[in-house]
Amino acid sequence: TGEKVNEMSALGISTVFSAISLIADSIALLPVKTLRYDGQKTIYTDKPKFLEKPNVGLDLTMFSLIHQTITSLAMHGNAFILVDKDRQGRPIQLTPVHPEKVKVEMDNGMKTYMLMSKKGSFERKITSDNMLHFVWYSYPGNLIGVSPLRTNSNTYGLALAMERHIAQFYGQGGTPSSVLETDRDLTAEQAN
(Lines give C-alpha, C1' and ligand atoms only; values in the text may rest on other atoms or scores of the structure.)
Protein backbone atom coordinates (compact mmCIF):
# COMPACT_ATOMS: atom_id res chain seq x y z
CA THR A 1 0.00 0.00 0.00
CA GLY A 2 3.01 2.28 0.34
CA GLU A 3 1.95 3.33 3.85
CA LYS A 4 4.69 3.74 6.45
CA VAL A 5 3.99 1.23 9.19
CA ASN A 6 5.69 1.71 12.52
CA GLU A 7 4.75 1.65 16.18
CA MET A 8 3.11 5.08 16.11
CA SER A 9 1.21 4.64 12.84
CA ALA A 10 -0.09 1.22 13.95
CA LEU A 11 -1.33 2.73 17.23
CA GLY A 12 -3.08 5.39 15.12
CA ILE A 13 -5.47 2.64 13.99
CA SER A 14 -8.25 2.78 16.56
CA THR A 15 -8.79 -0.99 16.75
CA VAL A 16 -5.06 -1.64 17.31
CA PHE A 17 -4.84 1.05 19.99
CA SER A 18 -8.03 -0.16 21.69
CA ALA A 19 -6.98 -3.81 21.70
CA ILE A 20 -3.49 -3.13 23.06
CA SER A 21 -4.85 -0.67 25.65
CA LEU A 22 -7.45 -3.17 26.82
CA ILE A 23 -4.90 -5.95 27.24
CA ALA A 24 -2.21 -3.76 28.87
CA ASP A 25 -4.67 -1.95 31.17
CA SER A 26 -6.33 -5.19 32.28
CA ILE A 27 -3.06 -6.93 33.11
CA ALA A 28 -1.46 -3.87 34.77
CA LEU A 29 -4.50 -3.52 37.06
CA LEU A 30 -4.15 -7.06 38.41
CA PRO A 31 -2.81 -7.32 41.97
CA VAL A 32 0.87 -8.14 42.30
CA LYS A 33 1.84 -10.43 45.16
CA THR A 34 5.30 -11.57 46.09
CA LEU A 35 6.02 -14.93 47.60
CA ARG A 36 8.82 -17.31 48.41
CA TYR A 37 8.93 -21.04 48.75
CA ASP A 38 10.13 -22.80 51.88
CA GLY A 39 10.15 -26.48 50.99
CA GLN A 40 6.53 -27.31 50.19
CA LYS A 41 5.19 -24.12 51.81
CA THR A 42 4.33 -20.94 49.93
CA ILE A 43 4.91 -17.86 52.04
CA TYR A 44 3.53 -14.49 50.93
CA THR A 45 5.96 -11.65 51.61
CA ASP A 46 5.90 -7.86 51.56
CA LYS A 47 6.66 -6.33 48.19
CA PRO A 48 10.26 -5.22 47.86
CA LYS A 49 10.80 -1.48 47.39
CA PHE A 50 12.00 -1.95 43.82
CA LEU A 51 8.56 -3.37 42.93
CA GLU A 52 6.62 -0.60 44.65
CA LYS A 53 8.70 2.05 42.84
CA PRO A 54 10.63 0.22 40.08
CA ASN A 55 12.59 3.28 38.93
CA VAL A 56 12.67 6.42 41.06
CA GLY A 57 14.61 8.44 38.47
CA LEU A 58 11.95 7.80 35.82
CA ASP A 59 9.12 8.17 38.36
CA LEU A 60 8.00 4.73 37.19
CA THR A 61 5.21 2.97 39.06
CA MET A 62 4.53 -0.76 39.08
CA PHE A 63 1.41 -0.14 36.96
CA SER A 64 3.49 1.75 34.36
CA LEU A 65 6.18 -0.93 34.29
CA ILE A 66 3.65 -3.71 33.69
CA HIS A 67 1.72 -1.60 31.17
CA GLN A 68 4.89 -0.82 29.18
CA THR A 69 5.95 -4.47 29.32
CA ILE A 70 2.63 -5.73 27.95
CA THR A 71 2.55 -2.99 25.29
CA SER A 72 6.07 -3.96 24.16
CA LEU A 73 5.03 -7.60 23.96
CA ALA A 74 1.87 -6.81 21.99
CA MET A 75 3.69 -4.53 19.53
CA HIS A 76 7.13 -6.13 19.23
CA GLY A 77 6.77 -9.66 20.62
CA ASN A 78 9.52 -8.93 23.19
CA ALA A 79 9.87 -6.89 26.35
CA PHE A 80 13.16 -6.08 28.05
CA ILE A 81 13.71 -4.83 31.60
CA LEU A 82 17.19 -3.87 32.76
CA VAL A 83 17.79 -4.94 36.36
CA ASP A 84 20.21 -2.82 38.42
CA LYS A 85 21.55 -4.64 41.47
CA ASP A 86 23.33 -3.67 44.67
CA ARG A 87 26.73 -5.06 45.73
CA GLN A 88 25.08 -8.14 47.22
CA GLY A 89 23.38 -8.88 43.89
CA ARG A 90 19.87 -7.89 45.03
CA PRO A 91 17.63 -6.01 42.57
CA ILE A 92 17.27 -2.32 43.43
CA GLN A 93 15.88 -0.80 40.23
CA LEU A 94 14.04 -1.87 37.08
CA THR A 95 14.24 0.03 33.79
CA PRO A 96 12.14 -0.90 30.75
CA VAL A 97 14.14 -0.84 27.50
CA HIS A 98 12.52 -0.34 24.09
CA PRO A 99 12.75 -3.60 22.09
CA GLU A 100 14.26 -1.80 19.09
CA LYS A 101 17.20 -0.74 21.27
CA VAL A 102 18.19 -4.31 22.21
CA LYS A 103 19.97 -6.95 20.15
CA VAL A 104 19.96 -10.52 21.52
CA GLU A 105 23.00 -12.74 20.92
CA MET A 106 24.45 -16.01 22.11
CA ASP A 107 27.90 -15.78 23.71
CA ASN A 108 29.51 -19.05 24.88
CA GLY A 109 26.11 -20.71 25.21
CA MET A 110 24.64 -17.80 27.23
CA LYS A 111 22.09 -15.25 26.08
CA THR A 112 23.52 -11.73 26.11
CA TYR A 113 21.95 -8.40 25.28
CA MET A 114 23.54 -5.52 23.41
CA LEU A 115 22.03 -2.12 24.22
CA MET A 116 21.94 0.67 21.66
CA SER A 117 23.83 3.80 22.65
CA LYS A 118 22.68 7.36 21.98
CA LYS A 119 24.90 7.26 18.88
CA GLY A 120 22.75 4.46 17.45
CA SER A 121 25.26 1.62 17.71
CA PHE A 122 25.05 -1.45 19.93
CA GLU A 123 27.84 -0.94 22.45
CA ARG A 124 26.81 -1.97 25.96
CA LYS A 125 26.77 -5.71 26.69
CA ILE A 126 24.38 -6.98 29.39
CA THR A 127 24.30 -10.54 30.71
CA SER A 128 21.07 -12.43 31.31
CA ASP A 129 21.61 -11.90 35.07
CA ASN A 130 20.83 -8.21 34.59
CA MET A 131 18.13 -8.38 31.92
CA LEU A 132 14.60 -9.71 32.10
CA HIS A 133 13.49 -10.80 28.64
CA PHE A 134 9.84 -11.68 28.10
CA VAL A 135 8.70 -13.27 24.84
CA TRP A 136 5.07 -13.27 23.70
CA TYR A 137 5.30 -15.85 20.92
CA SER A 138 8.32 -17.44 19.32
CA TYR A 139 9.41 -20.25 17.07
CA PRO A 140 11.62 -23.06 18.41
CA GLY A 141 15.28 -22.09 18.40
CA ASN A 142 14.66 -18.34 18.04
CA LEU A 143 16.30 -15.98 20.54
CA ILE A 144 13.57 -13.37 20.21
CA GLY A 145 9.81 -13.33 19.86
CA VAL A 146 7.84 -12.79 16.68
CA SER A 147 6.91 -9.14 16.20
CA PRO A 148 3.16 -8.64 15.65
CA LEU A 149 4.02 -5.21 14.22
CA ARG A 150 6.20 -6.72 11.48
CA THR A 151 4.03 -9.79 10.95
CA ASN A 152 0.90 -7.69 10.43
CA SER A 153 2.50 -4.75 8.61
CA ASN A 154 0.51 -5.43 5.40
CA THR A 155 -2.76 -5.45 7.34
CA TYR A 156 -1.82 -2.26 9.20
CA GLY A 157 -0.75 -0.62 5.93
CA LEU A 158 -4.06 -1.52 4.31
CA ALA A 159 -6.00 -0.11 7.27
CA LEU A 160 -3.98 3.12 7.14
CA ALA A 161 -4.53 3.44 3.37
CA MET A 162 -8.27 2.87 3.76
CA GLU A 163 -8.48 5.48 6.53
CA ARG A 164 -6.59 7.98 4.38
CA HIS A 165 -8.84 7.25 1.38
CA ILE A 166 -12.07 7.54 3.39
CA ALA A 167 -10.86 10.80 5.01
CA GLN A 168 -10.07 12.23 1.58
CA PHE A 169 -13.43 11.08 0.17
CA TYR A 170 -15.49 12.64 2.96
CA GLY A 171 -13.19 15.66 3.08
CA GLN A 172 -14.39 16.38 -0.47
CA GLY A 173 -18.01 16.26 0.64
CA GLY A 174 -18.54 12.59 -0.12
CA THR A 175 -18.99 13.37 -3.81
CA PRO A 176 -17.49 10.83 -6.17
CA SER A 177 -14.94 12.36 -8.51
CA SER A 178 -16.51 10.89 -11.64
CA VAL A 179 -19.18 11.71 -14.22
CA LEU A 180 -21.42 9.27 -16.05
CA GLU A 181 -22.01 10.19 -19.70
CA THR A 182 -24.07 8.78 -22.55
CA ASP A 183 -24.38 9.64 -26.23
CA ARG A 184 -28.17 9.11 -26.17
CA ASP A 185 -30.95 11.43 -25.08
CA LEU A 186 -32.35 10.62 -21.64
CA THR A 187 -35.80 11.22 -20.27
CA ALA A 188 -36.11 12.93 -16.88
CA GLU A 189 -37.02 9.58 -15.36
CA GLN A 190 -33.90 7.89 -16.81
CA ALA A 191 -31.66 10.71 -15.59
CA ASN A 192 -33.05 10.37 -12.07
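This text goes with the structure placed above it.
Cut-off values and rules
- Residues numbered from 1 in each chain as written.
- Predicted model: local features only at pLDDT ≥ 70, side-chain atom pairs only at ≥ 80, totals over all residues.
- Heavy atoms only, no water.
- Helix = DSSP H or I, 4+ residues; strand = E, 2+ residues; numbered from the N terminus.
- Buried < 20%, exposed > 50% of the residue type's maximum accessible area, 1.4 Å probe, protein only.
- Contact = heavy atoms within 4.5 Å.
- Salt bridge = Lys/Arg side-chain N within 4 Å of Asp/Glu carboxyl O.
- Phe/Tyr/Trp six-rings, centres within 6.5 Å; stacked < 30°, edge-to-face > 60°.
- Lys NZ or Arg CZ within 6 Å of the ring centre and 35° of its normal.
- Core = buried A, V, L, I, M, F, W, Y, C linked by side-chain atoms within 4.5 Å.
- Expected span 1.5 Å × (residues − 1).
- Polar contact = N/O pair within 3.5 Å; in protein donor to acceptor, adjacent residues only side chain to side chain.
- Pairing = 2+ DSSP bridges.
- Axes fitted to C-alpha atoms, helices over the stretch in contact; angles between N-to-C directions.

Student: Teacher, can you tell me more about the environment of Ile144 here?
Tutor: In this fold, Ile144 is placed in the loop between β8 (131-135) and α5 (148-151). Relative accessible area serves as the criterion here: at 39%, Ile144 is assigned to the partly exposed category. With 75 residues separating them along the chain, Ile144 and Thr69 place their C-alpha atoms 15 Å apart. If we ignore the near neighbours within four places in the chain, the residues touching Ile144 are Asn78, Val104, His133, Val135 and Ser138.

Student: Explanation requested: the pattern of salt bridges in the structure shown.
Tutor: A side chain with one charge can pair with a side chain of the opposite charge if their charged atoms come near. Per the counting criterion, the structure on display carries six salt bridges. With its nearest N and O atoms 2.4 Å apart, the salt bridge here joins Asp107 to Lys125. Here Asp107, found in strand β5 (residues 102-107), pairs with Lys125, found in strand β7 (residues 122-127); they are 18 residues apart in sequence, far enough to count as distant. Among the residues examined, Asp107 registers a relative accessible area of 30% and is labelled partly exposed. Judged by relative accessible area, Lys125 falls into the partly exposed class, the value being 46%.

Student: Just checking my understanding: could you explain the packing of aromatic side chains for this structure?
Tutor: How two aromatic rings sit relative to each other is set out by the distance from centre to centre and by the angle between their planes. On inspection of all chains with the given rule, the structure shows two aromatic pairs. Arranged with centres 5.7 Å apart and planes meeting at 80°, the rings of Tyr137 and Tyr139 form a pair that is edge-to-face. Residue Tyr139 is classed as partly exposed on the basis of its relative accessible area of 46%. We note Lys33 situated over the ring of Tyr44; from NZ or CZ to the ring centre the distance is 6.0 Å.

Student: Before we go on, may I ask you to explain the nonpolar core in this structure?
Tutor: If you look at soluble globular proteins, the nonpolar side chains tend to sit buried side by side. Counting 14 residues, the largest nonpolar core has Leu51, Met62, Leu65, Ile66, Ile70 and Leu94 as its most contacted members. Elements with a contribution of two residues or more to this core: α2 (14-28), α3 (49-52), α4 (62-76) and β3 (78-85). Leaving out residues up to four positions away in the same chain, Leu94 has contacts with Phe50, Leu51, Pro54, Asn55, Leu60, Leu65, Ile81, Leu82 and Val83. Ranked by size, the runner-up nonpolar core spans ten residues in total, among them Ala10, Ala74, Tyr156 and Leu160.

Student: Can you help me understand α4 in this one?
Tutor: A turn of α-helix holds 3.6 residues, and therefore any two residues three or four places apart point the same way. The end-to-end C-alpha distance of α4 is 21 Å, a good match for the 21 Å that 15 residues give at a rise of 1.5 Å each. Remark: Gly77 follows α4 within two positions and exhibits a positive phi of approximately 80°.

Student: What is the right way to look at the side chain of Thr34 in this model?
Tutor: Within the element layout of this structure, Thr34 appears in strand β1 (residues 34-38). What makes Thr34 buried here is its relative accessible area of 12%. At a separation of 3.3 Å, a polar atom in the side chain of Thr34 contacts the main-chain carbonyl oxygen of Asp46. Not counting residues within four places of it along the chain, the set of residues in contact with Thr34 comprises Ile43, Tyr44, Thr45, Asp46, Lys47, Pro48 and Leu51.

Student: Please explain the sheet that holds strand β4 (residues 91-97) as it appears in this structure.
Tutor: Within a sheet, each strand pairs with its neighbour through backbone hydrogen bonds, oriented either parallel or antiparallel. The strand order β4-β3-β8 describes an open sheet built from three strands, whose pairing is antiparallel. The open sheet has two edge strands with one neighbour each: β4 and β8. Strand-to-strand, the axes of this sheet are offset by a mean angle of 25°, without reference to chain direction. Here five bridges tie β3 to β8, and the two strands are oriented antiparallel to one another. Across the sheet, residue Asn78 finds its bridge partner in β8, namely Val135. This element, α4, spans β3, β4 and β8 of the sheet and lies at about 145° to β3.

Student: Got a minute to help me understand the pairing of β7 in this structure?
Tutor: The sheet contact formed by strand β6 (residues 110-116) and β7 spans five bridges and is antiparallel. Considered in β7, the bridge of Met116 is made with Phe122.

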